[in-house]
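Residue-level listing of the chains:
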Amino acid sequence: DVRVKQHEEVLNSGLDHPGGLDPATTVMAIWPAPMVYAGPTEVQFHAKSRRSAGASYFVVGRDPAGMKGSSLAVAHPGDDLYDGDHGRYVLRNSPGIGSMKMLSFVKVMYDVTDNVMKVPDDNRPDDFISISGSKMRLLARNGASPCSPTNIPTDLVEANCVPSGFMVPKGWEIVVDYYRNIDSGRWIPWSRPRSDPGAAPRTTTEGQFGTLGFSLRHTDYESVWHDVSRYPSGTTGGGDGNVINLVTEIPLRMTAKMEVQKDRPNNVISQDSTDGRPRYYTYGTPFFNYGFVPQTWEDPNLKDSLGNGGGNDPPHVME
């Protein structure tokens, strides 16, 4: 809701502020399709899905396909896999877009002469300051206050101020409040819904779902890893040898990163953690069941011809 409230202040400011929008001609709506960094294919999905919902225009900027290449690449290791304009070029030549019009959004910078974000003028480069998303978040975490409109420093981070024309004042206050209190628990990210876990009938849980104290185990098995058979009952791989059992750790549409605990009693299923906090998927809601094959394990000491060993976990499966 932070972004929504910030956008509401942009509308409330109207055209009295260079960062405002006219509420009489602007509709704010949410399209729940977060970026998953899938390259130009994803750019086409975002455009075509909006077209199907009735949109006539689509704003496409630089680097919508941002994906890093391999650090092991022979040439340009670690560089972006695609050019910054690749997604835009592919979209303009994509079949199926129909009559949808593309609004090409180029890089803009802050003009200190009139306090407005605009395309930089090559004839006066010293008058423009770049304010990237990373810099904006850093300034917000530092609680940056508005700069003097007549004396804007070139190093905004060092001065810890944000130009007055960059964002409507009340909108900036909301952004600062969020980034300075991001761990306070006042906000619920879209990827962390507070809901009951999807669980099979013969299971039992302990603790609160969404916390590191939560765990789930099956009432019919001491361990879902060791005691559930690898194949369906009475078969050895099914009639054609290709049927296996799956223990679901993360049910369809759940973003909590649940996994079987190899080193805990009964190998309960609980939420993974990062830096002492529950871990969630943040790049979209899974549209499949995700789990592992029981009575299996990838041996890290068993290496292939390239020297890659197993993952020290049971093989994982998407259903």
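Anything mentioned here points back to the structure above.
Residues numbered from 1 in each chain as written. Predicted model: local features only at pLDDT ≥ 70, side-chain atom pairs only at ≥ 80, totals over all residues. Heavy atoms only, no water.

### Thoughts on the pattern of salt bridges
Selection criterion: The salt bridge definition used is simple: a Lys or Arg side-chain nitrogen within 4 Å of an Asp or Glu carboxyl oxygen. Counting from the N terminus, the helices are the DSSP runs of H or I reaching at least four residues and the strands are the DSSP runs of E reaching at least two. Note on classification: 1.4 Å probe, protein chains only; a residue is buried when its accessible area is under 20% of the maximum for its type, exposed when over 50%, partly exposed between these limits.
Under the criterion given, the structure shown has 9 salt bridges. In this structure, Arg124 engages Asp111 in a salt bridge whose closest nitrogen and oxygen atoms are separated by 2.8 Å. Of this pair, Arg124 sits in the loop between strand E4 (116-118) and strand E5 (128-129) while Asp111 sits in strand E3 (residues 109-111); the two residues are 13 residues apart in sequence, bridging distant segments of the chain. Look at Asp111 and you get buried, because its relative accessible area is 0%. Here the salt bridges do not stand alone but share partners, grouping Asp111, Asp114, Lys118, Asp121, Arg124 and Asp127 into one network.

### Some words on unusual backbone geometry
With the exception of glycine, the majority of residues adopt a negative phi angle, and the majority of peptide bonds are in the trans configuration. Of note in this structure, Asn267 is not a glycine but carries a positive phi near 50°. Assignment of secondary structure puts Asn267 in the loop between strand E11 (258-260) and strand E12 (269-271). If you check the backbone angles, Gln295 has positive phi at about 60° while not being a glycine. Checked against the element boundaries, Gln295 lands in the loop between strand E15 (290-292) and strand E16 (316-318). Its relative accessible area of 36% is what places Gln295 among the partly exposed residues.

### Considering the packing of aromatic side chains
Test applied: In summary, the pairing rule links any two rings of Phe, Tyr or Trp, Trp by its six-membered ring, whose centres are within 6.5 Å, and it sorts them by plane angle into stacked for under 30 degrees, edge-to-face for over 60 and tilted for everything else.
Under the criterion given, the structure shown has 4 aromatic pairs. Both rings, one in Phe209 and one in Phe214, keep their centres 5.3 Å apart while their planes meet at 75°; by these two values the pair is edge-to-face. Ring centres of Phe287 and Phe288 lie 5.2 Å apart, and the angle between their planes is 80°; this geometry places the pair in the edge-to-face category.

### Some words on the nonpolar core
The test is simple: Only buried residues count toward a nonpolar core, which is a set of Ala, Val, Leu, Ile, Met, Phe, Trp, Tyr and Cys residues joined through side-chain atoms within 4.5 Å. The criterion used for residue contact is that any of the two residues' heavy atoms lie within 4.5 Å.
Counting 20 residues, the largest nonpolar core has Leu156, Phe166, Met167, Trp172 and Val175 as its most contacted members. Mapped by element, the contributors of at least two residues to this core are helix H4 (133-141), strand E7 (161-162) and helix H6 (169-180). With 4 residues, the top contributor of residues to this core is H6. What Trp172 contacts, discounting residues up to four positions off in sequence, is Met136, Leu139, Ala140, Ala144, Val162, Phe166 and Met167. Counting 15 residues, the second-largest nonpolar core is a separate cluster that includes Phe209, Trp225, Val228 and Met254.

### Notes on H4
Using the following cut-off: Our arc is simply the arc of the directions from the helix axis toward the C-beta atoms.
When H4 is considered as a whole, its buried residues turn out to be Met136, Leu139 and Ala140. Down the axis of H4, the sector holding all buried residues measures 100°, keeping them to one side. Packing partners of the buried residues in H4 comprise helix H5 (156-159), E7 and H6. Just beyond H4, the residue with positive phi is Gly143, at close to 70°.

### Quick word on the layout of surface pockets
The test is simple: Using protein atoms alone on a 1 Å grid, points that fit a 1.4 Å probe yet trap it form a cavity, whereas open point sets bounded by protein on both sides within 12 Å along at least five of seven lines form a pocket; residues with an atom within 4 Å of a point count as lining. Grid points are joined across faces, edges and corners, and a volume is the space filled by probe spheres set on the points. We call Asp, Glu, Lys and Arg charged. Ala, Val, Leu, Ile, Met, Phe, Trp, Tyr, Cys and Pro are nonpolar, and the rest, Gly among them, are polar.
The calculated volume of the second largest pocket comes to roughly 430 Å³. Along its surface, the second largest pocket is lined by 27 residues, and Ala200, Thr203, Leu216, Thr248 and Ile269 are the ones closest to its centre. Its residues placed into classes, the lining of the second largest pocket shows 16 nonpolar, 7 polar and 4 charged.

### Here we look at the sheet that holds E4
The cut-off we apply is this: Whether two strands pair comes down to DSSP finding at least two bridges between them.
On the basis of which strands lie adjacent, the open sheet formed by 3 strands has the order E4-E3-E5 and antiparallel pairing. Both outer strands of the open sheet, E4 and E5, are each paired with one neighbouring strand and no more.

### Side note on the packing of H4 against H6
Formally: With axes taken as lines fitted to C-alpha atoms, and helix axes fitted only over the stretch in contact, angles between N-to-C directions fall between 0 and 180 degrees. For classification purposes, angles smaller than 35 degrees are called roughly parallel, those larger than 145 roughly antiparallel, those between 65 and 115 roughly perpendicular, and all remaining angles oblique.
Direction vectors running N to C along H4 and H6 enclose 75°, while the axes themselves pass 7 Å from each other. For the element pair H4 / H6, the angle class is roughly perpendicular. Between H4 and H6, the contacting residues are Met136, Arg137, Leu139, Ala140 and Arg141 on the first element and Trp172, Val175, Val176, Tyr179 and Arg180 on the second. The residue inventory of the contact of H4 with H6, partitioned by class, reads 7 nonpolar, no polar and 3 charged.

### Looking at the sheet that holds E12
Within the open sheet, the 4 strands sit side by side as E8-E9-E12-E11. Their pairing is antiparallel. Strands at the two margins of the open sheet, each flanked by one partner only, are strand E8 (203-206) and E11. Direction aside, neighbouring strands of the sheet carry axes that sit 25° apart on average. Bridge analysis of E11 against E12 gives 3 bridges, and the strand direction is antiparallel. Each residue of the ladder has a partner; that of Val260, found in E12, is Ile269.

### Regarding the packing of helix H1 (residues 2-13) against H6
Our working rule: Should the near helix be turned anticlockwise from the far one by less than a right angle, the crossing is left-handed, and should it be turned clockwise, the crossing is right-handed.
Axis separation between H1 and H6 bottoms out at 7 Å; the angle between their running directions is 165°. If you check the angle between H1 and H6, you find them roughly antiparallel. For the crossing formed where H1 meets H6, the hand is right-handed. Contacts between H1 and H6 involve Val2, Lys5, Gln6 and Glu9 from the former and Lys170, Gly171, Ile174, Val175 and Tyr178 from the latter.

### Structural notes on the side chain of Gln261
Relative to the helices and strands, Gln261 resides in the loop between E11 and E12. A relative accessible area of 14% means that Gln261 is categorised as buried. Contacts of Gln261, omitting those with residues within four sequence positions, involve Asn267, Val268 and Ser270.

By themselves, these observations are geometric and do not establish any function.
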